[in-house]
Amino acid sequence: MPGFPSPFGGEDDELFDSYDEFVSDNVPRPGPFLDGHNILAGPDHVSFHRLTRELFEERKVYDMTFNYNLARLNLDTRHPGAGYRYAVESPDADDAIDVDAVLRAEFTPTTPFCPQTHTLTIGSFRAWNGLSDRHEYDLVRVRSAPMHHQSEAINEQLAELETTFLEEGDPEAEPTEAREIGSNPMERAMTEEEASRGPQAPF
């Protein structure tokens, strides 16, 4: 008798696409942060996302709900449309950064109220920019997709982090603006309980 797939992830490869393939129906649709830029697709997306898996593993950027490397969310067929999409920034864009090589990364969570989006996007920013010697980009800019209910506040902090990184070269800096971003108390308690069971994310 076949069992039911666990909602918290596992090693059942039948539930996941391969890191070597680009399944357009399962990856997130590019959102407004990527509009007008060179969207990575096919082999280009696959190549950068495989590197992302390595960097996230090294920095322990884990989705604590599903207890796996965040890069694997892109491949989880139970959550099509969730994860990261990437685009090479066009230097002609109104909000382009005056840096030679810039990649944009937009994160779409599984739900509009995902309590981890704030932590995961900051952890992603620190992994990509703290290990920038492993890829060709001088800056990886990260944003939450607008479907998240706190995307505006989260994205303000991410913009602040990239400014600090460009000025000081420190991807580990904390945002100076004090904002209450995250989940309600019940969601925070549930997240902390799950986090205690899985790998600890040092960001």
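Before reading on, note that the structure itself is shown above.
Residues numbered from 1 in each chain as written. Predicted model: local features only at pLDDT ≥ 70, side-chain atom pairs only at ≥ 80, totals over all residues. Heavy atoms only, no water.

Here we look at the environment of A87
Stated precisely, the cut-off is as follows: A run of DSSP states H or I qualifies as a helix once it reaches four residues; a run of E qualifies as a strand once it reaches two. Both are numbered from the N-terminal end. Two residues qualify as a contact provided that any one of their heavy atoms is within 4.5 Å of a heavy atom in the partner residue.
One can find A87 in strand β4 (residues 83-88). When residues no more than four places from it in sequence are discounted, the contact partners of A87 are L34, H37, N38, I39, L40, V102, L103 and R104.

Details of the nonpolar core
Operational definition: Definition of nonpolar core: a set of buried residues of the types Ala, Val, Leu, Ile, Met, Phe, Trp, Tyr and Cys, connected through side-chain atoms within 4.5 Å. Per-residue accessibility, obtained with a 1.4 Å probe over protein chains only, is compared with the maximum for each type, and a residue is labelled buried under 20%, exposed over 50%, and partly exposed between these values.
Of all hydrophobic cores here, the largest spans 36 residues; its most connected members are F48, F56, L70, Y84, Y86, W128 and V142. Listed by contribution, the elements that provide at least two residues to this core are α1 (42-59), β4, β5 (102-108), α2 (117-130), β6 (139-144) and α3 (151-168). The element that contributes the greatest number of residues to this core is α2, accounting for 5 residues. The contacts of Y86, once residues within four sequence positions are left out, are L34, N38, I39, L40, H45, F48, H49, T52, L103, R104, A105 and W128.

What about the pairing of β6?
On any regular strand, side chains alternate: one points to one face of the sheet, the next to the other face. Our working definition: Whether two strands pair comes down to DSSP finding at least two bridges between them. Note on handedness: a clockwise path from strand one over the helix to strand two, with the strands aimed away from the viewer, defines a right-handed crossover.
The buried fraction of β6 is high, at 6 of 6 residues. Going residue by residue along β6, you find L139, R141 and R143 tucked away on one face and V140, V142 and S144 tucked away on the opposite face as well. Bridging between β5 and β6 involves 6 bridges; their strand directions are parallel. Counterpart to R104 in the pairing with β6 is R141. Regarding topology, α2 serves as the crossover connection from β5 to the parallel β6, and that connection is right-handed.

Describing unusual backbone geometry
Most peptide bonds take the trans configuration, and most residues that are not glycine carry a negative phi. In this model, K60 sits at a positive phi of 60°, which is unusual for a non-glycine residue. One non-glycine residue with positive phi stands out, namely N67, at about 60°. Positionally, N67 belongs in the loop between β2 (62-63) and β3 (68-69). Residue classification places N67 among the partly exposed residues on the basis of a relative accessible area of 42%.

Comments concerning the pairing of β4
Where burial is concerned, most of β4 is hidden: 5 out of the 6 residues are buried. Examined bridge by bridge, strand β1 (residues 38-39) and β4 share 2 bridges and lie antiparallel to one another. Across the sheet, the residue bridging to I39 is A87, located in β4. By the bridge criterion, 6 bridges tie β4 to β5 in an arrangement that is antiparallel. Across the sheet, the residue bridging to G83 is T108, located in β5.

A short note on the packing of α2 against α3
We apply this condition: A fitted line through C-alpha atoms represents every axis, and for helices the fit uses only the stretch in contact; the resulting angles, taken between N-to-C directions, go from 0 to 180 degrees. Roughly parallel means an angle under 35 degrees; roughly antiparallel means over 145; roughly perpendicular covers 65 to 115; every other angle is labelled oblique. Crossing handedness is read from the near helix: turned anticlockwise from the far helix by less than a right angle, it gives a left-handed crossing, and turned clockwise, a right-handed one. Residues were grouped as follows: Ala, Val, Leu, Ile, Met, Phe, Trp, Tyr, Cys and Pro as nonpolar; Asp, Glu, Lys and Arg as charged; and all remaining residues, including Gly, as polar.
Interhelical geometry of α2 versus α3 gives an angle of 20° and a closest axis separation of 10 Å. The orientation of α2 relative to α3 falls into the category roughly parallel. By crossing handedness, the relation of α2 to α3 is classed as right-handed. Of the residues in α3, those touching α2 at T117, H118, T121, I122, F125 and N129 are I154, Q157, L158, L161, E162 and F165. Looking at the contact of α2 with α3, its residues break down into 6 nonpolar, 5 polar and 1 charged.

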